[in-house]
Amino acid sequence: MRGLALAALVLATVPLYADYTPFYLGLLTEVLVFGLFALAYDVLLGHAGVLSLGHSAFVGVAAYTTGLLLARYRAPLELSVLAGAVGGLVTALVLGALVLRKRGVYLAMLTLALSQVFYYVVLMWTPVTGGTDGLGNLPVLALSEPLGWRLSKRPVTRYYVVAAVVFLAMLAIRYLLRSPFGRVMRAVKANETRAAACGYDTRRVKLVAFAISGLFSGLAGALLTVVLEFVPIENIHWQMSGAVLIMTLFGGTGTLLGPFVGAGVFIWMRDFLSKYLEYWEVFVGASFVLIVLFLPEGIVGTLARLVTRRRAAPVSAEEDRLPEPERLVRADPRSGDADGRLLESRGLTKRFGGLTAVDRVDFVVRRGELRSVIGPNGAGKTTFFNLLTGVLPPSAGRILWKGADITGQPAHKISRLGIARSYQITNIFGDLTVFENVRIAAQSRVTHYRFWGNPDRLTAVNERAEEILRELGLSARRDVRGAELSHGEQRYLEIGVALATDPDFLLLDEPTAGMSPDETRRTAALVRRLAGLVTIVVVEHDMEVVMGISDRITVLNYGEVLAEGTPAEIRENADVRRVYLRD
Amino acid sequence: MNGCILVLVALGLSIVFGLMGIINFAHGIFYMLGAYAGWLTVHLTGSFWLALLAAPIAVGLVGVLVERGVLKRIYGTRNANFAGVLVTYGLAIMIPDLVRMTFGRPGKPFAVPEALTGSLFRLGAIDVHRYRVFILLVTAVLLPLLWLLLNKTNLGLVIRAGTSDNLMVQLLGINVARTWTITYALGAALAAFAGVITAPLVAVAPEMGGLVLIECFIVTVVGGMGSFVGAVVGGLLIGETLALTGMLYDVLADVVIYLAMALVLLVRPRGLFGQEGMSEE
């Protein structure tokens, strides 16, 4: 809050410090607009973890929309700017919907390629857009509309109007980033697979992030038209995307101030360095490479890290009591189909090329059961879990949940049905705190797209998260990053994240993997106590654990069901003995 | 002809991505540098044939420098693939200006070598130029050789194995670091070769890399990233579409290929010949 007040003060008084020439004030205005653009860009990169190289389309479409409305239709200034922002939003939605079929660097490549379509349209549609000459002759100054007259010939007034708009936009972005939805974006950035397993439709979350980014990029594009009174074709060329990327990374991604600092540095290079260095792009490119290699947090991020001393993580106060399972589980005991069938697979098959990892598996789990799935390495246990939880689509067969066909549903829908899972290889939100790991999972049962309010005031969600941490003995570690926990603690957190989604059905993939004998005993006791309250299927290698806790056991071998029965039956089964002894 | 050149450039991009998971934004730069290296060779020695050899070697060495000097630093870091895009992007901004600094802003003329000037025969109303036939033949010879390199040699085996499981290949005791360097240099050399043979058809200019890079992106999206056949078919498809629409209705040429790409993305996101799961992350 103090930072914001300071920023407002600086913005308000800058023109007073010195006798700025109109040229400098114009540049300063431009820095603010580009700073807004970079901030909007960082909503996607720094907060949702999506690298876009197509933002030239958002800013460009907005700049031309505003420019055309002003030049051709003599529309009021406010309306033109607003229309520009909406243009950016719509462009981002269209582009995002196409590219989000892919992820990572491939997505980045697609954004760049698709954004060039807009450039070519502008280039060829010369009668309307002016082609390579750009769009000039904008009657911004001549307008006598409510705001138009204020943007008179005095650059100071124009500076203040733009500064006010940029400041308000920054407030809005800050508000959005701090909303419950902002936390969802960060979870998707931290670990997309886990976020989906918590019930979040990650592709849609990213699309919304695109839309927000596009809206504010559009606002920046519209303002750019107003400031320059001209729309150069460079605004929609792919190098504009490069420029905003450079600004954002120079300043530091994930911060509010960084993009503005980056914009300042970039424009300083462009307008001052270029006076002395004809080939200033060599310098820009080289410093960009160096920043990526050696200062990945950018200028502001690095400074912030140096200034704020890291707080030492509190030492874990190990609680040696067993959790109260009633507090961990909120399953509905009446759920399930008439004869108690909760989850069922029929002829479930998964082929990878020539390999059949899961082969015609028929599997029924009844409400309240604790089922173990065992089998030698490569028997298809984890693939089976991945099929049940929608991570992989099956090649054949069906999956039924309470009698209804759920085959082929994506992971986030499976989670919303009340099916949660833990992973064999620890899969938590490493960059988020322990508390936030559990909190974001609990939030998925309450709200996904809430763009307002403070997530820390979602009382029910917070209490649920605190309760789970307390019961799992992780309260003392609540403010530590997930990645900094010990292995055993991470395995517990893994279960905590799954439980926070209030499942009816829990799939645990080797919960004791890598644990000490003591931790293994604790975990086995925990799983046993959870059983009866929630239906559990557990993949486990530790035979002592399996025999000790299971109601029934299913044995997989080469993807097929080899045997199924009570622990006693399985112990006596000849086939099972053969497979395990040979192993 | 456009198709042939696109195939060669896109192939390098695709191989590097397949092995290293990096979208090499500096790839267009190698193409441009190839054209300049070719121009320089012809300028100094007068021999186009020498240029065909010298440019890929010189630019391949630049590739080694980039891989050893810059890319090596990001392997194994968090978000290494993002960082790979970012640093090569930085190079793509920097190097054209370096070239402008060295060779001047305007492009360089590059004449068709004398032995290959003129038309070979007439096909109806169309002159079939010797040089264009030459490009076609060179590509037709080079592609099978490359295929053999990737499919029948030890190096190719390591590259393909590394594409599917890098860690495993390392555990087998194979020097993956060297394979990466060689692969990156090979991609650069291919792009450079394409740059030299294109040079007589277009003006050699610092900006020529950016355009071809984006066209290669489209090729790999349509054909399927990481696929040899995909790069070949995609390159020919996109190259000839560009040439045809360019002849019929110039204005549309650039937009049609983007529409083709959008269509492939909607209908078959992994591309015509792409493997399932490839390019997801």
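Cut-offs used in this document
Residues numbered from 1 in each chain as written. Chains lettered and ligands numbered in written order. Predicted model: local features only at pLDDT ≥ 70, side-chain atom pairs only at ≥ 80, totals over all residues. Helix = DSSP H or I, 4+ residues; strand = E, 2+ residues; numbered from the N terminus. Buried ≥ 20, exposed ≤ 12 C-beta atoms within 10 Å, placed from the backbone. Contact = placed C-beta atoms within 7 Å. Rg over C-alpha atoms; globule rule 2.2 N^0.38 Å. Nonpolar A, V, L, I, M, F, W, Y, C, P; charged D, E, K, R; others polar. Pairing = 2+ DSSP bridges. Axes fitted to C-alpha atoms, helices over the stretch in contact; angles between N-to-C directions. Parallel < 35°, antiparallel > 145°, perpendicular 65-115°, else oblique. Right-handed = clockwise from strand over helix to strand, strands pointing away. Left-handed = near helix turned anticlockwise from the far one by under 90°. Expected span 1.5 Å × (residues − 1). Arc of directions from axis to C-beta. pLDDT = per-residue confidence, 0-100. Core = buried A, V, L, I, M, F, W, Y, C linked by C-beta atoms within 7 Å.

1. Points about the overall build of chain A
Stage number 1. Counting its regular elements, chain A contains 24 helices and 10 strands.
Stage number 2. Counting only C-alpha atoms and orienting by the principal axes, one finds that chain A spans roughly 90 × 50 × 45 Å.
Stage number 3. When burial is assessed residue by residue, chain A has 51% of its 583 residues classed as buried.
Stage number 4. The contacts of chain A with a sequence gap of at least 6 include a subset with a gap of at least 24, amounting to 74%.

2. A short note on the overall build of chain B
Stage number 1. When its secondary structure is counted, chain B shows 11 helices and 2 strands.
Stage number 2. The linear arrangement of helices and strands in chain B, starting from the amino end, is α-α-α-α-β-β-α-α-α-α-α-α-α.
Stage number 3. The C-alpha radius of gyration of chain B comes to 19 Å, within 12% of the 19 Å expected for a compact globule of 281 residues.
Stage number 4. Dimensions along the principal axes, computed over C-alpha positions, put chain B at roughly 60 × 45 × 35 Å.
Stage number 5. Per-residue burial for chain B yields a buried fraction of 50% across its 281 residues.
Stage number 6. Residue pairs at least 24 apart in sequence account for 72% of intrachain contacts in chain B once pairs closer than 6 positions are excluded.

3. A closer look at the interface of chain B and chain A
Stage number 1. Taken together, the 34 residues of chain B in the interface contact 29 residues of chain A.
Stage number 2. Among the elements of the structure, helix H4 (80–103), helix H9 (208–223) and helix H11 (253–267) of chain B are those that each provide at least two residues to the side of chain B that touches chain A.
Stage number 3. With 15 residues, the top contributor of residues to the side of chain B that touches chain A is H4(B).
Stage number 4. Looking at the side of chain B that touches chain A residue by residue, the class counts come to 25 nonpolar, 3 polar and 6 charged.

4. Details of the sheet that holds strand E4 (residues 396–401) of chain A
All names here are of chain A.
Stage number 1. Read from one edge to the other, the open sheet built from 4 strands follows the order E2-E1-E4-E5, with strand pairing classed as antiparallel. Both edges of this open sheet fall to strand E2 (355–366) and strand E5 (404–405), since each of them pairs with a single strand only.
Stage number 2. Contacts from helix H16 (residues 381–388) reach strand E1 (341–352), E2 and E4 within the one sheet, and its direction differs from that of E2 by about 65 degrees.

5. Topic: the packing of helix H12 (residues 258–276) of chain A against helix H14 (residues 298–307) of chain A
Angle between the axes and distance between the axes: these two values describe a pair of packed helices.
Residues and elements named next belong to chain A.
Stage number 1. Running from N to C, H12 and H14 point in directions that differ by 130 degrees, and their axes come no closer than 7 Å. Viewed along their axes, H12 and H14 adopt a mutual orientation that is oblique. On the side of H12, the interface is formed by Gly258, Val261 and Gly262, while H14 contributes Gly298, Ile299, Val300 and Gly301.

6. Considering the pairing of strand E7 (residues 505–509) of chain A
Residue and element names in this part refer to chain A.
Stage number 1. For E7, the tally of buried residues reaches 5 of 5 residues, placing the bulk of the element in the interior.
Stage number 2. Here E7 shows a buried face lined by Phe505, Leu507 and Asp509 and a second buried face lined by Leu506 and Leu508.
Stage number 3. Note that E7 and strand E8 (residues 535–539) share 5 bridges and pair parallel. Looking at the pairing, phenylalanine 505 lines up with threonine 535 of E8.

7. Observations regarding the pairing of E8(A)
All names here are of chain A.
Stage number 1. The element E8 is extensively covered by neighbouring structure, given that 5 of its 5 residues are classed as buried.
Stage number 2. Looking at chain direction, strand E3 (residues 370–374) and E8 are connected through 4 bridges and run parallel. Bridging from a neighbouring strand, arginine 371 pairs with valine 537 of E8.
Stage number 3. Read as a crossover between parallel neighbours, the route from E7 over helix H21 (residues 517–530) to E8 is right-handed.

8. Observations concerning the packing of helix H5 (residues 104–124) of chain A against H11(B)
Stage number 1. Running from N to C, H5(A) and H11(B) point in directions that differ by 145 degrees, and their axes come no closer than 10 Å. At the point where H5(A) passes H11(B), the crossing takes the left-handed sense. Each of Ala113(A), Leu114(A), Gln116(A), Val117(A) and Tyr120(A) in H5(A) lies in contact with H11(B), whose residues at this interface are Asp254(B), Val255(B), Tyr258(B), Met261(B) and Ala262(B).
Stage number 2. Grouping the constituent residues of the contact of H5(A) with H11(B) by class yields 8 nonpolar, 1 polar and 1 charged.

9. Considering helix H13 (residues 280–294) of chain A
Stage number 1. Look at H13(A): 21 Å from first C-alpha to last across 15 residues, which is about the 21 Å you get at 1.5 Å a residue.
Stage number 2. Among the residues of H13(A), those classed as buried are Glu281(A), Val284(A), Gly285(A), Phe288(A), Val289(A), Ile291(A) and Val292(A). Down the axis of H13(A), the smallest arc covering the buried residues is 160 degrees, so these residues share one side.
Stage number 3. Those residues of H13(A) that are buried lie in contact with helix H11 (238–251), H12 and H14 of chain A together with H4 of chain B.

10. Focus: the confidence of the model for chain B
Stage number 1. Mean pLDDT for chain B: 84, with 95% of residues reaching 70 or above.
Stage number 2. With a pTM of 0.89, the predicted complex shows an ipTM of 0.85.

11. Details of the nonpolar core
Most often, soluble globular proteins have nonpolar side chains that are buried together.
Stage number 1. Val33(A), Leu36(A), Leu223(A), Val9(B) and Ala192(B) are the most contacted members of the largest nonpolar core, which has 272 residues in total.
Stage number 2. Beyond its immediate sequence surroundings of up to four residues, Val9(B) is in contact with Tyr31(B), Ala191(B), Ala194(B), Val212(B) and Cys216(B).

12. Some remarks on the confidence of the model for chain A
Stage number 1. Averaged over all residues, the pLDDT of chain A is 86; the fraction at 70 or higher stands at 92%.
Stage number 2. This model gives residues 312–318 of chain A a pLDDT under 50, and the stretch forms 7 contacts once residues within four places in sequence are excluded.

13. Considerations on H5(A)
Stage number 1. Taking 1.5 Å of rise per residue, the 21 residues of H5(A) would be expected to cover 30 Å, and the 32 Å separating its terminal C-alpha atoms lies within 8% of that figure.
Stage number 2. Buried residues dominate H5(A), accounting for 16 of its 21 residues.

14. Regarding the sheet that holds E3(A)
All names here are of chain A.
Stage number 1. Overall, mixed pairing links the 6 strands, which are arranged E6-E7-E8-E3-E9-E10 in an open sheet. The sheet terminates laterally at strand E6 (419–421) and strand E10 (560–565), the two strands that pair on one side only. Direction aside, neighbouring strands of the sheet carry axes that sit 20 degrees apart on average.
Stage number 2. Judged from the 5 bridges that link them, strand E9 (residues 552–557) and E10 form a sheet pairing that is antiparallel. Residue pairing for E10: asparagine 557 is matched across the bridge by glutamate 560.

15. A word on unusual backbone geometry
Residue and element names in this part refer to chain A.
Stage number 1. For arginine 360, which is not a glycine, the phi torsion comes out positive at approximately 45 degrees.
Stage number 2. Among the secondary structure elements, arginine 360 is positioned in strand E2.
Stage number 3. Residue classification places arginine 360 among the partly exposed residues on the basis of 15 C-beta atoms within 10 Å.
Stage number 4. The residue aspartate 502 is not glycine, and still its phi comes out positive at about 50 degrees.
Stage number 5. By secondary structure assignment, the location of aspartate 502 is in the loop between helix H20 (487–499) and E7.

16. Brief notes about the environment of Ser241(A)
Residue and element names in this part refer to chain A.
Stage number 1. Mapped onto the fold, serine 241 is located in helix H11.
Stage number 2. C-beta crowding within 10 Å serves as the criterion here: with 26 such atoms nearby, serine 241 is assigned to the buried category.
Stage number 3. Residues serine 241 and valine 161, spaced 80 residues apart in sequence, show a C-alpha to C-alpha distance of 26 Å.
Stage number 4. Residues contacting serine 241, with those up to four places away along its chain left out, are Leu53, Gly54, His55, Ser56, Leu112 and Ser115.

17. What about the environment of His541(A)?
Stage number 1. If you trace the backbone, His541(A) turns up in the loop between E8 and helix H22 (543–549).
Stage number 2. On a C-alpha basis, the gap between His541(A) and Pro376(A) in space is 8.5 Å, while along the polypeptide they are 165 residues apart.

18. Side note on the environment of Ile29(B)
Stage number 1. In this structure, Ile29(B) sits in helix H2 (residues 27–45).
Stage number 2. In this structure, Ile29(B) is in contact with Leu91(B), Ala92(B), Ile95(B) and Gly209(B), ignoring residues within four places of it in sequence.

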